[in-house]
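# Close look at the chain arrangement
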Amino acid sequence: MLEASGPASWRVALPHSAAAVPIARALVRTALADIEPSADRDTAELLTAELVANAVEHTRGGGPIHLVVELLPTGCQVEVHDADPAPPSRLSTHAPEPDAMQEHGRGLLLIRALSSACGHRATDAGKAVWFTLPSRS
């Protein structure tokens, strides 16, 4: 096993389609597999899938979505970059809770609940939505 002594990162362009979700999950699982101490791989995969699915569903155009996975001595950070500059509406801690009768709207709630931190930032090409997870000791 490898010791996480400093940041290591991966960036991959994903198709703007549902096929992006399993590709993103596999990259996160692989990135966290041999690093100790690692963040929770299952949680990282789930939250990554939510971010990528949101980017595919809520952004226009056929341009790629970019996944960035960064391993840190304290855990990991995952970012999903897309071309839409509009911020995600339910990522803020002040966002209203989703309606229990609706099928959509719970993904960002999961990200808020399960990550140690999350947010979004503007980029030159649109925005990045991110979360961090701590290392498991």
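Everything below is about the structure printed above this text.
Note that the structure is predicted; figures quoted are calculated from it, not measured.

## What about the sheet that holds strand β2 (residues 8-14)?
Read across the open sheet, the 5 strands follow the order β2-β4-β5-β7-β6; overall the sheet is antiparallel. Lying at the two open borders of the sheet, with one neighbouring strand each, are β2 and β6 (117-123). Ignoring which end each strand starts from, the neighbouring axes of this sheet average 15° apart. Summarising the sheet, β2 and strand β4 (residues 65-72) pair through 7 bridges and their orientation is antiparallel. By the bridge assignment for β4, Leu-14 is matched with Ile-65. Relative to the sheet, helix α2 (residues 41-58) contacts β2, β4, β5 (75-82) and β7 (126-134), its axis offset from that of β7 by approximately 170°.

## Some thoughts on the side chain of Thr-59
With respect to the helices, strands and loops of the structure, Thr-59 is situated in the loop between α2 and β4. Given the relative accessible area of 9%, Thr-59 is considered buried. In this structure the side chain of Thr-59 is engaged in a polar contact, spanning 2.8 Å, whose partner is the side chain of His-16. Among the polar contacts made by the side chain of Thr-59, one reaches the main-chain carbonyl oxygen of Ala-55 at a distance of 2.4 Å. Contacts of Thr-59, omitting those with residues within four sequence positions, involve His-16, Asn-54, Asp-82, Asp-84 and Lys-127.

## Some words on the packing of helix α1 (residues 20-33) against α2
It is the contact of α1 with α2, at a shortest axis distance of 9 Å, that shows an interaxial angle of 150°. Put simply, α1 runs roughly antiparallel to α2. Here α1 and α2 pass one another in a crossing that is right-handed. On α2, the residues that touch Ala-20, Val-21, Ala-24, Arg-25, Val-28, Arg-29, Leu-32 and Ala-33 of α1 are Arg-41, Ala-44, Glu-45, Leu-46, Thr-48, Ala-49, Val-52, Ala-53 and Val-56. Residues of the contact of α1 with α2, tallied by class, amount to 12 nonpolar, 1 polar and 4 charged.

## What to know about α2
For α2, which comprises 18 residues, the first-to-last C-alpha distance of 25 Å matches the rise-based estimate of 26 Å (1.5 Å per residue) to within 8%. Those residues of α2 that sit buried are Thr-43, Ala-44, Glu-45, Leu-47, Thr-48, Ala-49, Leu-51, Val-52, Ala-55 and Val-56. Of the surrounding secondary structure, the elements contacted by the buried residues of α2 are β2, α1, β4, β5, α3 (107-114) and β7. Of the residues that open α2, the one with a side-chain oxygen 3.0 Å from the backbone nitrogen of Asp-42 is Asp-40.

## Here we look at the pattern of salt bridges
By the definition in use, this model includes 4 salt bridges. Note that Arg-25 is salt-bridged to Glu-45, the shortest N-O span being 3.4 Å. Taken together, the residues span a long stretch of sequence, with Arg-25 in helix α1 and Glu-45 in helix α2 at a distance of 20 residues. Salt-bridge contacts for Asp-82 lead to Lys-127; the nearest nitrogen and oxygen are separated by 3.0 Å.

## Side note on the nonpolar core
With 29 residues, the main nonpolar core has Leu-51, Val-52, Leu-67, Val-69, Val-80, Phe-131 and Leu-133 as its most contacted residues. Counting only elements with at least two residues in this core, the list comes to α1, α2, β4, β5, α3 and β7. Beyond its immediate chain neighbours, meaning those up to four positions away, Leu-133 contacts Ala-39, Asp-40, Thr-43, Ala-44, Leu-47, Thr-74, Gly-75, Cys-76, Leu-114, Ser-115 and Ser-116.

Rules used throughout
- Every chain is numbered on its own, with residues counted from 1 as its sequence reads.
- Only residues with pLDDT of 70 or above have their local features reported here, since the model is predicted, and side-chain atom pairs are shown and tallied only from 80 upward, although totals for entire chains, interfaces and linings are computed over all residues.
- No hydrogens and no water enter the side-chain calculation; it runs on all heavy atoms of the structure.
- What makes two strands pair is DSSP finding at least two bridges between them.
- Numbering of helices and strands runs from the N terminus, with a helix taken as a DSSP run of H or I at least four residues long and a strand as a DSSP run of E at least two residues long.
- All axes are obtained by fitting lines to C-alpha atoms, using only the stretch in contact for helices, and the reported angles, taken between N-to-C directions, cover 0 to 180 degrees.
- Any two residues whose heavy atoms approach within 4.5 Å at even a single point are treated as in contact.
- Each residue's exposure class comes from its accessible area (1.4 Å probe, protein chains only) as a fraction of the maximum for that residue type: buried when under 20%, exposed when over 50%, partly exposed otherwise.
- A 3.5 Å cut-off defines polar contacts: any pair of N or O atoms within that distance qualifies, except that in protein one atom must be a possible hydrogen donor and the other a possible acceptor, and neighbouring residues in sequence count only when both atoms are side-chain atoms.
- Oblique is the label for any angle not under 35 degrees, not over 145, and not in the 65 to 115 range, which are roughly parallel, roughly antiparallel and roughly perpendicular in turn.
- Crossing handedness: left-handed means the near helix sits turned counterclockwise from the far one by under a right angle, and right-handed means the same turn made clockwise.
- When residue character is reported, Ala, Val, Leu, Ile, Met, Phe, Trp, Tyr, Cys and Pro are called nonpolar, Asp, Glu, Lys and Arg charged, and the others, Gly included, polar.
- Multiplying one less than the number of residues by 1.5 Å gives the expected span of a helix.
- Salt bridge, as used here, is a side-chain nitrogen of Lys or Arg placed within 4 Å of a carboxyl oxygen of Asp or Glu.
- In plain words, nonpolar cores are sets of buried Ala, Val, Leu, Ile, Met, Phe, Trp, Tyr and Cys residues tied together by side-chain atoms within 4.5 Å.

Any functional reading would require information that these geometric values do not contain.
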